Amino acid sequence: GTGLTPLHYACRGGRKMAICVITLIEHGADGGCVAKGAGTTPLDEAEDPAIKHALLTSLINRLDLHNTKTPEADSRAALHCAAALGDVERIKALLKSSFLTDIDATDGLARTALHWACHFTMMSAVDILLANGSSPDARASPKIDALWNPVCLWDYRKRDEPKNDGTRGGASLLADGRLIGPSPMDLLGKENSARVFARAVCDLALGRRDEENRDFVGVAARALAAEGRAAKEAERLAQEGAPCAEKELEEVAFKEPKEPE
């Protein structure tokens, strides 16, 4: 009654089930099959990297041998798996495949390969996908809120009101009240400085930064320093009970510190 297939259950079993995953794929199991209702794929169940590798390798082998009745579905599932693992070489190979007709092919929850890469902060994968035309604005289904919300950073322009614990709520709302899920850029983790580096890479890949500025680490470090200055200023204003204007914080954040005399 769950709609899960044997491949879903095999992927859920951890690395000891890798041989089962390989065997099922070799005998025709659909690597991108969608569970009815939940909309999840075997990749959702594959928490162990060994299972992800087994799933990816089996799908690519089947494509190479032309031993599949659903080459487009296998290519999409393989690309999503490679993106989740950050396997750039296999992503490049799949992008050259004649079976993959759309880099933003979606699964049962409307996720693209870029969603998977951003969710796991696989920045090399994000970079190559963006460079090859993947859309940073594609919206996944609101249903993934139940799967991925703990590490999501919802689009600040459309996110809903904070919950009592200070965290943001679930899926965002459009002006007409319709639910929308996150874009790939919304899925970059928010609780660590890695997101600053991640944003720098995304901006560079999308051509938003100066083309001559290739110093990823420098860009990230400056952005992190700016973020730190804004946080300290917000804390100071809060202690004084003063209003905290976003524009003022931005001015403080990007004000270069004075060099010591």
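Cut-offs and rules
Residues numbered from 1 in each chain as written. Predicted model: local features only at pLDDT ≥ 70, side-chain atom pairs only at ≥ 80, totals over all residues. Heavy atoms only, no water. Helix = DSSP H or I, 4+ residues; strand = E, 2+ residues; numbered from the N terminus. Contact = heavy atoms within 4.5 Å. Salt bridge = Lys/Arg side-chain N within 4 Å of Asp/Glu carboxyl O. Expected span 1.5 Å × (residues − 1). Buried < 20%, exposed > 50% of the residue type's maximum accessible area, 1.4 Å probe, protein only. Arc of directions from axis to C-beta.

The next thing to look at is the environment of G3. Among the secondary structure elements, G3 is positioned in the segment before helix 1 (6-12). The sequence separation of G3 and G37 amounts to 34 residues, and the corresponding C-alpha distance is 7.2 Å. In this structure, G3 is in contact with A35 and K36, ignoring residues within four places of it in sequence.

Take the pattern of salt bridges next. Where charged atoms from two side chains of opposite charge come close, those side chains can pair. In the structure shown here, the tally under the stated rule is 6 salt bridges. Residues D87 and R90 are paired through a salt bridge, measuring 3.8 Å at the closest nitrogen-oxygen approach. Salt bridges here are not isolated pairs; linked through shared partners, they connect D44, D107 and R111.

Now for helix 5 (residues 71-85). Taking 1.5 Å as the rise per residue, helix 5 with 15 residues should run 21 Å; its terminal C-alpha atoms sit 21 Å apart, in good agreement. Along helix 5, the residues that are buried comprise D74, S75, R76, A77, A78, L79, H80, C81, A82, A83, A84 and L85. Positive phi appears at G86, one or two residues downstream of helix 5, with a value of about 70°.

Residues of helix 2 (residues 18-26) that are buried include every one of A18, V21 and I25, and no others. The arc that holds every buried residue of helix 2, seen down its axis, measures 60°, which confines them to one face. Pointing more than 90 degrees away from the buried face of helix 2 are the exposed residues I19 and E26. Those residues of helix 2 that are buried are in contact with helix 1 and helix 4 (49-64).

By the element assignment, S75 lies in helix 5. Leaving out residues up to four positions away in the same chain, S75 has contacts with L63, L94, S97, F99 and L100.

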